[in-house]
Amino acid sequence: MPSPLKSLKALLVDDDENILHTLCMRLEAQGAEVRMAGDGVEAVETAAEFRPDVILLDLKMPRMGGLAALREIRKLDFSCQVVVLTAHGTTANAVEAMREGAVDFLEKPLDPDQLSVLFQKVAARSAPKAPASVGLGPAEGGPGPTSLSPEELRHEAERQFIGEAPGVRRVRAVLLQ
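Residues numbered from 1 in each chain as written. Predicted model: local features only at pLDDT ≥ 70, side-chain atom pairs only at ≥ 80, totals over all residues. Heavy atoms only, no water.

A. Here's a closer look at the nonpolar core. Among the nonpolar cores identified, the biggest contains 23 residues, and Val13, Ile55, Leu57 and Phe105 are the most heavily contacted of them. Element by element, the count of residues in this core is highest for helix 3 (residues 66–75), at 4 residues. Core analysis: the second largest hydrophobic core is formed by 22 residues, Leu20, Leu27, Leu56 and Val103 among them. (Core = buried A, V, L, I, M, F, W, Y, C linked by side-chain atoms within 4.5 Å. Buried < 20%, exposed > 50% of the residue type's maximum accessible area, 1.4 Å probe, protein only. Helix = DSSP H or I, 4+ residues; strand = E, 2+ residues; numbered from the N terminus.)

B. Region of interest: the pattern of salt bridges. This model, assessed by the stated rule, comprises 7 salt bridges. As a salt-bridge pair, Asp14 and Lys108 come within 2.8 Å of each other at their nearest N and O atoms. You can see Asp14 sitting in the loop between strand 1 (9–13) and helix 1 (17–29) and its partner Lys108 sitting in the loop between strand 5 (102–107) and helix 5 (112–126), a full 94 residues away along the chain. Residue Lys108 is classed as partly exposed on the basis of its relative accessible area, which comes to 22%. The shortest N-O distance in the salt bridge between Arg63 and Asp39 comes to 2.9 Å. With Arg63 in the loop between strand 3 (54–58) and helix 3 and Asp39 in the loop between strand 2 (33–37) and helix 2 (40–50), the pair connects residues that are 24 residues apart, well separated along the chain. Using a relative accessible area of 9% as the deciding quantity, one classes Asp39 as buried. Connected through shared salt-bridge partners, Asp14, Asp58 and Lys108 make up one network. (Salt bridge = Lys/Arg side-chain N within 4 Å of Asp/Glu carboxyl O.)

C. Focus on unusual backbone geometry. Omega for the bond connecting Lys108 with Pro109 falls within 30 degrees of zero, at -5°, which places this linkage in the cis form. Among the structural elements, Pro109 can be located in the loop between strand 5 and helix 5. Phi is positive for Ser7, which is not a glycine, with a value near 80°. Positionally, Ser7 belongs in the segment before strand 1. Here Ser7 falls in the exposed class, since its relative accessible area comes to 65%.

D. Layout of the sheet that holds strand 3. Strand order across the open sheet formed by 5 strands is 2-1-3-4-5, with parallel pairing between neighbours. The sheet is open, and its two edges are formed by strand 2 and strand 5, each paired on a single side. Each strand axis lies, on average, 20° off the axis of its neighbour in the sheet, ignoring direction. Two elements, strand 4 (residues 81–86) and strand 5, share 5 bridges in a ladder whose sense is parallel. Paired with Thr86 across the two strands is Glu107, which belongs to strand 5. In the packing of helix 4 (residues 91–99) onto the sheet, the strands contacted are strand 4 and strand 5, and the crossing angle to strand 5 comes to about 155°. (Pairing = 2+ DSSP bridges. Axes fitted to C-alpha atoms, helices over the stretch in contact; angles between N-to-C directions. Contact = heavy atoms within 4.5 Å.)

E. Inspection of the packing of helix 2 against helix 3 at higher detail. Look at helix 2 against helix 3: their axes get within 9 Å of each other, and the N-to-C directions meet at 20°. In terms of axis orientation, helix 2 runs roughly parallel to helix 3. Crossing of helix 2 against helix 3: the hand is right-handed. Residues Gly40, Val44 and Ala47 of helix 2 lie in contact with helix 3, whose contacting residues are Ala69, Glu72 and Ile73. Split into classes, the residues belonging to the contact of helix 2 with helix 3 amount to 4 nonpolar, 1 polar and 1 charged. (Parallel < 35°, antiparallel > 145°, perpendicular 65-115°, else oblique. Left-handed = near helix turned anticlockwise from the far one by under 90°. Nonpolar A, V, L, I, M, F, W, Y, C, P; charged D, E, K, R; others polar.)

F. Structural view of empty space enclosed by the protein. Following the criterion strictly, the structure yields 1 cavity of 30 Å³ or more and no others. Taken together, Leu12, Val13, Asp14, Ile19, Leu20, Leu23, Leu56, Leu57, Asp58 and Leu85 make up the full set of residues lining the largest cavity. Every element with two or more residues in the lining of the largest cavity is listed here: strand 1, helix 1 and strand 3. Of the residues assigned to the lining of the largest cavity, the class counts are 8 nonpolar, no polar and 2 charged. (1 Å grid on protein atoms, 1.4 Å probe; cavity = no way out; pocket = protein on both sides within 12 Å on 5 of 7 lines; lining within 4 Å. Points joined across faces, edges and corners; volume = space filled by probe spheres on them.)

Structural data, given as C-alpha cells:
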C-alpha cells in the first residue's frame, strides 16, 4: 500500500523545536517530504525555495509572527494550503487567519492523528485533478477574480474549508455571511 502522504511537500513552522521534530518524524514516516522553520522570516524564505503543498504555521513566534508570515507567503508566486496551529486560539485570530487564506485553524496541543488526517485531506486536494483555489488569479493557475459569480464564489469558498472542528465552523459562518 502506498504511503498516504507520498509526494506531499510540507513546511512546519513553529518556534518550539519539540513540536517541530515530533510532527516532522510523524509526517516523514507517512511519506511526506518535510522542511522546518523556527520563525516567520525563515518560513517565508523556506517557502520561496521549497514551494510546499501545505504549511503548518504557528502564530506566536520571534522575528515575524504567523499572520505576517502568511501575508508574505501569499505574495509568493505559488499556491499552497496553510493551516494555522496555535496555543493562542481566539475567534478573532481564526477569522483573520482564514481571511488571509488559511484553510484551517487548529489549537495546541495537537493530536498527531488529527494532523495526519488533515494532511491526507490536503494531499487529496493537492492532486492534479483538484480545481484551482478561489482567489488565485490567472497567473497562479486560478480562474481569475471575475470568472465566478458571487454564488459560485460562495460555493467554492465553502468547499475550500478543510476543518470541521466547532471553532472552524464558527469561523466559516462569520466569513460566509
